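Survey of secondary and tertiary structure
Residue-level listing of the chains:
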Amino acid sequence: MALRDTSLPEPAGPRQPVAPALDPADRGRLLAGAHHDPHALLGAHPVSGGVLFRALRPFARSVAVLVDGRRTPLVSEGDGLFAAVLPLAAVPAYTLLVAYDGDESEVHDPYRFLPALGDLDLHLIREGRHEQLWKALGAEPMTHQGVTGTRFTVWAPNAQGVRLAADFTYWDGTAFPMRSLGSSGVWELFLPGVGEGTRYKFEITSRHGDRFLKADPMARCAEVPPDTASIVHASHYEWDDAEWMAHRGDVPVHVAPFSVYEVHLPSWRPGLTFRQLADVLPAYVSDLGFTHVEFMPVAQHPFSGSWGYQITGFYAPAARLGTPDDFKYLVDALHRAGIGVIVDWVPAHFPKDDWALARFDGDPLYEPGNAQRAEHPDWGTFEFDFGRTEVRNFLVANAVYWCEEFHIDGLRVDAVASML
């Protein structure tokens, strides 16, 4: 928001302490996107003579700190860095005033916040047994330390550094380096003021020094291909299938009629969205006497001409057909019509698209390090490294995700022979 100039005359007395310069090595790593702990360099920290405030705002015309209604300009250190020492006894509550070419805006400083991911989450991630992994990794809108924003987390244990690039940064990650949360391999950043609908990717600097953009492996919503960004999402859907959910297990499947209608949603009625399909599919399946539908893969995949078995977004319903809440609407409609829903689930392999899971942090991560084991000889894809606990957790949690979040009644596991 635009603000009036609230600066006050400098009081008479000793000059304001000069901000100590950043260590050249730290400065270089920070600006190169290769620093593991940007929160130690940015934000507010006690120093000799007061409190040091430092901000990284590339292309900003000016940055000031606002404390108790009084603004103090930060001095440019070059390369988008601004700093000053205020003669304060302790770190105060503060905001930043940032001006680019237009009006000045008041914003919260991302680097004043504690980690928004708890120790229990990190412990479970390290052990590979976080059953609700999608609530710990990815983009999670939340209120943290009284401020509304989004927590971004990603598993990239081999990276030198990770930064957040988004539509509002023009896909430049310089301003928002993330911090490493120790041996978990997880990187985290809470961004105040960022909410649903924001498009983002992770800008990763590998241990080899390469830098590249990757879509979020845990994204719950994604752009319509050929665009590849992830989208911040929070569900607002209110289910109406309580009766189905309460009684779906009353009769064992093996002693009841069981007839499955397999359907590839994009080609069953070409052009219809999830919500439009909900108006016609339940009645069609019921009239034919089927008890269940089996959807060929509904997870995000880049090639619209395929059946969907080469997935790049394992936690995101296919964006061509609508939002995650739109898919919930379709499942809900089928349940209300007394139709069970099975989904084809593909834990056997993933495509080599350079913006997706392949060599995610610059090294084999989701795939085995041995090239002979990593590549599937028939499909031109990578196989998952089932020997790695975090990868197994990624897949097991994904199965749980579809069942919990979308009320799926069963999974048909694809390519089991290949996995074996």
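Just so we're clear, the structure is a prediction, and the values are computed from it rather than from any experiment.

Conventions used here
- Residues numbered from 1 in each chain as written.
- Predicted model: local features only at pLDDT ≥ 70, side-chain atom pairs only at ≥ 80, totals over all residues.
- Heavy atoms only, no water.
- Phe/Tyr/Trp six-rings, centres within 6.5 Å; stacked < 30°, edge-to-face > 60°.
- Helix = DSSP H or I, 4+ residues; strand = E, 2+ residues; numbered from the N terminus.
- Buried < 20%, exposed > 50% of the residue type's maximum accessible area, 1.4 Å probe, protein only.
- Lys NZ or Arg CZ within 6 Å of the ring centre and 35° of its normal.
- 1 Å grid on protein atoms, 1.4 Å probe; cavity = no way out; pocket = protein on both sides within 12 Å on 5 of 7 lines; lining within 4 Å.
- Points joined across faces, edges and corners; volume = space filled by probe spheres on them.
- Nonpolar A, V, L, I, M, F, W, Y, C, P; charged D, E, K, R; others polar.
- Pairing = 2+ DSSP bridges.
- Axes fitted to C-alpha atoms, helices over the stretch in contact; angles between N-to-C directions.
- pLDDT = per-residue confidence, 0-100.
- Contact = heavy atoms within 4.5 Å.
- Patch = residues over 30% accessible without salt bridge, like charges linked within 9 Å, V, L, I, M, F, W, Y side chains within 5 Å.
- Areas by Shrake-Rupley, 256 points an atom, 1.4 Å probe, with all protein chains shown as cover.
- Salt bridge = Lys/Arg side-chain N within 4 Å of Asp/Glu carboxyl O.

On inspection of all chains with the given rule, the structure shows 27 aromatic pairs. With a centroid separation of 5.0 Å and an interplanar angle of 50°, the aromatic rings of Tyr315 and Tyr401 are classed as tilted. Here Tyr315, found in strand β20 (residues 313–317), pairs with Tyr401, found in helix α9 (residues 389–406); they are 86 residues apart in sequence, far enough to count as distant. Judged by relative accessible area, which is 0%, Tyr315 ranks as buried. The ring of Trp268 is capped by Arg269, whose NZ or CZ atom sits 3.9 Å from the centre of that ring. We note Lys352 situated over the ring of Phe382; from NZ or CZ to the ring centre the distance is 5.2 Å.

The rolling of a water-molecule-sized probe over the atoms marks out the regions of remaining empty space. By volume, the largest pocket is sized at about 610 Å³. Taken together, 23 residues line the largest pocket, and the ones lying closest to its centre are Arg57, Tyr100, Phe168, Thr169 and Phe176. Counting residues per element, the ones that place at least two in the lining of the largest pocket are β8 (104–107), β10 (147–155) and β13 (186–192). Its residues assigned to classes, the lining of the largest pocket comprises 14 nonpolar, 7 polar and 2 charged. As for the second largest pocket, its lining consists of 16 residues, of which Trp244, Arg248, Val251, Val253 and His292 are closest to the centre. In terms of residue class, the lining of the second largest pocket is built from 8 nonpolar, 5 polar and 3 charged.

A word on the sheet that holds strand β24 (residues 410–413). Across the sheet, which stays open at both edges, the 4 strands sit in the order β17-β18-β21-β24 with parallel pairing between neighbours. Pairing within the sheet leaves two strands with one partner each, and these edge strands are β17 (260–263) and β24. Neighbour to neighbour, the strand axes of the sheet diverge by 25° on average, direction disregarded. Two strands pair when backbone bridges link them, and strand β18 (residues 292–295) and strand β21 (residues 340–345) are joined in this way by 4 bridges, in the parallel orientation. Considered in β21, the bridge of Val293 is made with Val341.

Right, let's talk about the confidence of the model for the protein for a bit. When pLDDT drops low, the exact placement of atoms in the prediction is not to be read closely. Overall, the prediction assigns the protein a mean pLDDT of 94, with 96% of residues at 70 or greater. In this model residues 1–13 is a low-confidence stretch, pLDDT under 50, and it forms 17 contacts with partners more than four residues away in sequence or in other chains.

Further remarks concern empty space enclosed by the protein. Across all of its chains, the model carries 5 cavities of 30 Å³ or more by this definition. Its boundaries defined by the atoms lining it, the largest cavity holds a volume of some 80 Å³. As for the largest cavity, its lining consists of Ile125, Leu133, Leu137, Trp155, Met218, Tyr366, Glu390, Asn393 and Phe394. With 3 residues, α9 is the largest single contributor of residues to the lining of the largest cavity. Partitioned by chemical class, the residues of the lining of the largest cavity number 7 nonpolar, 1 polar and 1 charged. Lining the second largest cavity, in full, are Pro297, Val298, Ala299, Ile311, Phe314, Val343, Asp344, Trp345, Val346, Asn398 and Trp402. When contributions to the lining of the second largest cavity are tallied by element, the ones reaching two or more residues are β21 and α9. If one sorts the elements of the lining of the second largest cavity by residue count, β21 sits on top with 3 residues. Considered class by class, the residues forming the lining of the second largest cavity number 9 nonpolar, 1 polar and 1 charged.

Another point: a nonpolar patch on the surface. Nonpolar side chains collect at one region of the surface, where Val253, Phe258 and Val260 lie side by side and expose about 240 Å² of accessible area between them. On the secondary structure map, Val260 appears in strand β17.

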